[in-house]
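An overview of the molecular structure
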Amino acid sequence: MEDECHEIDLHSDGHFMLQALREARKAAAAGEVPVGAVVVCGGRIVARAWNQVETLKDATAHAEMLALTAAQQAVGDWRLDGCTLYVTKEPCPMCAGAIVHCRPDRVVFGCADPKGGAAGGWINLLEANPPLNHRCDVTSGVMAGECLGLLQSFFRDARERKKSGDADARRGSEPA
Ligand SMILES: [Zn+2]
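Anyway, here's the lowdown on the structure attached to this text. (Residues numbered from 1 in each chain as written. Predicted model: local features only at pLDDT ≥ 70, side-chain atom pairs only at ≥ 80, totals over all residues.)

1. Focus: the nonpolar core
Our working definition: Think of a nonpolar core as buried Ala, Val, Leu, Ile, Met, Phe, Trp, Tyr and Cys residues, each tied to the set through C-beta atoms within 7 Å. Field definition: a residue is buried when 20 or more other C-beta atoms are found within 10 Å of its C-beta, exposed when 12 or fewer are, and partly exposed for counts in between, with C-beta atoms placed from the backbone. Distance between backbone-placed C-beta atoms decides contact: two residues are in contact if it is within 7 Å.
Counting residues in hydrophobic clusters, the biggest one holds 43 residues, and the most contacted among them are V39, A67 and Y86. Ignoring sequence-local partners within four residues, the contact set of Y86 consists of F16, M17, A20, A37, V38, V40 and V108.

2. As for the environment of R156
What counts, and what does not: Helix numbers and strand numbers start at the N terminus; a helix is a DSSP run of H or I with at least 4 residues, a strand a run of E with at least 2.
With respect to the element layout, R156 can be found in helix α6 (residues 144-173). Sequence separation of R156 and C102 is 54 residues, and the distance between their C-alpha atoms is 34 Å.

3. Side note on the environment of M17
Mapping M17 onto the fold places it in helix α2 (residues 13-29). Classification of M17 by C-beta neighbours within 10 Å gives buried; the count is 25. A C-alpha to C-alpha distance of 7.0 Å links M17 and V87, two positions 70 residues apart in sequence.

Read these as layout, nothing more, since geometry by itself doesn't imply function.
In structure tokens, the structure reads:
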């Protein structure tokens, strides 16, 4: 009975979102906006990625884009049939477009992005997209508090760094 519970737990959305959160923490440690993603196929993680826009100097290097590319390599097909993408923040329009092209069955995200999200926050390219040829099931709000907390503390720290940087600059410009 215990084994069965363990089994279910290991395949839950929460378990895989925890893995995506681990990726997001790697992004934070590298000074990147902390978003992480994993792709799961047949109950197994086949790709992991974190946002690397600054590291790669590539505005398209969102966690989802990198995870999708890695998953296609792992699966050996651009079609991600039977796969689920887990990402800590609601995908943006670019990533949602890429997701539709790669055709995973499901997208599970943590915190919503009411301003720029393309999975229901601002627009919904994943579930309500008549001109596009694939539709994903979307599950939102999985470990949303943890996912949002990570982003909030990142931006709070960035503001504080900027404030103290500005103060240093003011001091530096004062005559000695
Ligand atoms: Zn994106």
